[in-house]
Structures are given as structure tokens and as C-alpha cells.
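# Structure at a glance
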Amino acid sequence: MESCIFCKIIKGEIPCTKVYEDEVGLAFLDVNPINPGHTLLIPKEHHENIHEMPDELLEKLMPTAKKIANAIKFSIGATGINIGQNNGTDAGQVIWHYHMHIIPRFAGDGLKHWPGKPYMLGEAEETAEKIKSVL
Ligand code: 5GP
Ligand code: ZN
């Protein structure tokens, strides 16, 4: 992908602060971190988001996410880790190359959990049926 910023990072055309690399993926610090150590893990192959990611690639990448989460926890003393992954504009995706956010968390760091909304009567069952119908 010619115009993809993360492909350019993989090719070394744009600099990054690399923390890990293997034949499948690359992990580097987010330029605008929620907390220091906030890391992005990307596949070297370009895929827009979860909907395009091949299962085999997801399988290969997930152990790396765990490796990096452990490293963040034990090196900088994070007392929690969020792993997040945005798919689509309405979910906050701005870079169209699949990436996982691995985010160190600390007590009182100011990041709030997302607000939950309870279901109306029968809505949970109806919603689950819709999802199950296409699985
Ligand atoms: P998204 O909202 O697409 O899930 O997240 C994109 C993330 O990429 C953002 O957190 C943003 O700070 C980060 N980002 C965007 N451009 C660059 C860049 O050129 N270098 C690095 N290291 N991070 C970037
Ligand atoms: Zn790309």
C-alpha cells in the first residue's frame, strides 16, 4: 500500500521507536501515547482491519501481543494493561493498517472505562439471535 503510514514505517521510510520485530510483526511506540509505553503491534502484511485479517496471521500475532504486554508490565511497572483494536471510522480507526494498541495502565491515570447501557426487556436475546444467525 503506497500511501499507508504503517507500511512506510515497516519499510523504514518513516522513523519509529521500535520495541520488537520478527518475521510477522513489528511493535513500536505510539507517537501520541495514553501513557508512556503505549505500543502499537502491526502485521508486516497490509490488511485494513480485523475484517480483512487472515486467521493464520491473527494466530501468529496474538502471542506477540502477550509478549509485549508482559514486557510492559514488568519493565515499566504498569499495574494494568489494556489491549484495544479499532475497526472502522465509527470505532475510532484513523490508520487503515490493522494494529493492536497495547496500553500500560496505572491507578488514577485518568483514562475512564467506556460507559455501559443496560438492555431493554428482550433486547439481549434478540441481539444475540441476530449475531448467531450469521455465525
Ligand atoms: P487508531 O485510532 O487508528 O486505532 O490509532 C492510530 C494510532 O496511531 C494513534 O494512537 C496515533 O497516535 C498513532 N499514530 C499515527 N501516526 C503515527 C506515526 O506516524 N507514528 C507512530 N508511532 N504512531 C502513529
Ligand atoms: Zn499498511
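### Concerning the overall build of the protein chain
From N to C terminus, the protein chain includes three helices and five strands. Its C-alpha atoms give the protein chain principal-axis dimensions of roughly 50 × 40 × 25 Å. Across the 135 residues that make up the protein chain, the buried fraction comes to 31%. Intrachain contacts of the protein chain at a sequence separation of at least 6 include 54% that bridge at least 24 residues. Only carbon and sulfur atoms are counted for the fraction: they give 58% of the accessible area of the protein chain, which is about 9,200 Å².

### Focus on the site of ligand 1
Lining the immediate surroundings of ligand 1 are 16 residues, of which Asp30, Gly92, Val94, His99 and His101 lie closest. Measuring from a nitrogen atom of ligand 1, one finds a backbone N or O atom of Leu29 at 2.9 Å. Of all elements in the fold, only helix H1 (5–11) and strand S2 (25–29) reach the threshold of two or more residues within the shell around ligand 1. Sorting elements by how many residues they give to the shell around ligand 1 places H1 first, with three residues. Among the residues making up the shell around ligand 1, the classes are represented as nine nonpolar, six polar and one charged.

### Considering the environment of Lys44
Of note, Lys44 is situated in the loop between strand S3 (39–43) and helix H2 (55–76). Residue class for Lys44 comes out partly exposed when judged on its relative accessible area of 27%. For the pair Lys44 and Lys11, spaced 33 residues apart in sequence, the C-alpha separation works out to 9.2 Å. The contacts of Lys44, once residues within four sequence positions are left out, are Ile10, Glu21, Asp22, Glu23, Val24, Gly25 and His97. One polar contact links Lys44 to Glu21, side chain to side chain, over a distance of 2.9 Å. A polar contact is formed between the side chain of Lys44 and the backbone oxygen of Asp22, at a distance of 2.8 Å.

### A closer look at the coordination of the zinc ion (ligand 2)
Reference geometry at the metal: tetrahedral coordination by four donors gives ideal angles of 109.5 degrees; octahedral coordination by six donors gives 90 or 180 degrees. All of the protein donors around the zinc ion (ligand 2) are Cys4 (SG), Cys7 (SG), His46 (ND1) and His97 (ND1); their distances to the metal are 2.1 to 2.3 Å. For the zinc ion (ligand 2), the four donor atoms are set out with angles of 104 to 117 degrees between them, so the coordination reads as tetrahedral. Taken in chain order, the donor set of the zinc ion (ligand 2) reads C-x2-C-x38-H-x50-H. Residue Cys4 is found in the segment before H1, and its partner His97 is found in the loop between strand S4 (80–84) and strand S5 (100–105); the two are separated by 93 residues along the sequence.

Cut-off values and rules
- Residues numbered from 1 in each chain as written.
- Chains lettered and ligands numbered in written order.
- Predicted model: local features only at pLDDT ≥ 70, side-chain atom pairs only at ≥ 80, totals over all residues.
- Heavy atoms only, no water.
- Helix = DSSP H or I, 4+ residues; strand = E, 2+ residues; numbered from the N terminus.
- Buried < 20%, exposed > 50% of the residue type's maximum accessible area, 1.4 Å probe, protein only.
- Contact = heavy atoms within 4.5 Å.
- Areas by Shrake-Rupley, 256 points an atom, 1.4 Å probe, with all protein chains shown as cover.
- Near = heavy atom within 4 Å.
- Polar contact = N/O pair within 3.5 Å; in protein donor to acceptor, adjacent residues only side chain to side chain.
- Nonpolar A, V, L, I, M, F, W, Y, C, P; charged D, E, K, R; others polar.
- Donors = N, O, S within 2.8 Å, 3.2 Å for Na, K, Ca; no water.
- Tetrahedral: all angles 85-135°; square planar, octahedral: opposite > 155°, others 65-115°.

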